[in-house]
Amino acid sequence: MAKKLKIVQIGSVIDRPVKQKRTIEALGLARPNHVVIKNDTPQIRGMIKIVSHLVKVEELEA
């Protein structure tokens, strides 16, 4: 079974660079306290690294 990641947006994208806004959107997040569950892949990990100051990540056992 693949591991899952619970990603919670904790910061606003207002006054953030376009790259960070698009990364948050690509993760499926839209507003602070919004939660999405994603598969743990290198691509998702890379996106999380770009916006690590705007999200909180928790590993889930599938």
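See the structure above.
Read on for a plain summary of the structure. Source: prediction; values computed, not measured.

As a further point, take the nonpolar core. If you look at the biggest cluster of nonpolar residues, it comprises 11 residues: Leu5, Ile7, Ile24, Leu27, Leu29, Val36, Ile44, Ile48, Val51, Leu54 and Val55. Apart from the residues lying within four places of it in its own chain, the contact partners of Leu29 are Ile7, Gln9, Ile24, His34, Val35, Val36 and Val55.

This part covers helix H1 (residues 18-26). An α-helical segment advances 3.6 residues per turn. Residues three or four places apart therefore align on the same side. For H1, the set of buried residues is Gln20, Thr23 and Ile24. Relative to the axis of H1, the buried residues are bounded by an arc of 100° and lie together on one face. Facing away from the buried side of H1, by more than 90 degrees, are the exposed residues Val18, Arg22 and Glu25. Each element contacted by the buried residues of H1 is listed here: strand E1 (4-9), helix H2 (42-50) and strand E3 (55-60).

Looking now at the environment of Gln9. When you line up the elements, Gln9 lands in strand E1. Overall, the relative accessible area of 1% leaves Gln9 in the buried class. In this structure, the C-alpha to C-alpha distance between Gln9 and Ala30, residues 21 residues apart in sequence, is 8.1 Å. Contact partners of Gln9, with chain neighbours within four places excluded, come to Ile24, Leu29, Ala30, Arg31, Pro32, Asn33, His34, Leu54 and Val55. A polar side-chain atom of Gln9 sits 3.2 Å from the main-chain amide nitrogen of Arg31.

With that settled, consider the pattern of salt bridges. Inspection of every chain in the model, using the stated rule, returns three salt bridges. A salt bridge links Glu59 to Lys3, with the shortest nitrogen-to-oxygen separation between them at 3.3 Å. Of this pair, Glu59 sits in strand E3 while Lys3 is found in the segment before E1, placing the two residues 56 residues apart along the sequence. In this structure, Asp40 and Arg45 form a salt bridge, with 2.8 Å as the shortest nitrogen-oxygen distance. The exposure class assigned to Arg45 is partly exposed, which follows from its relative accessible area of 34%. Taken together, the shared-partner salt bridges in this structure form one network comprising Lys3, Asp40, Arg45 and Glu59.

Calculation rules
Residues numbered from 1 in each chain as written. Predicted model: local features only at pLDDT ≥ 70, side-chain atom pairs only at ≥ 80, totals over all residues. Heavy atoms only, no water. Core = buried A, V, L, I, M, F, W, Y, C linked by side-chain atoms within 4.5 Å. Buried < 20%, exposed > 50% of the residue type's maximum accessible area, 1.4 Å probe, protein only. Contact = heavy atoms within 4.5 Å. Helix = DSSP H or I, 4+ residues; strand = E, 2+ residues; numbered from the N terminus. Arc of directions from axis to C-beta. Polar contact = N/O pair within 3.5 Å; in protein donor to acceptor, adjacent residues only side chain to side chain. Salt bridge = Lys/Arg side-chain N within 4 Å of Asp/Glu carboxyl O.

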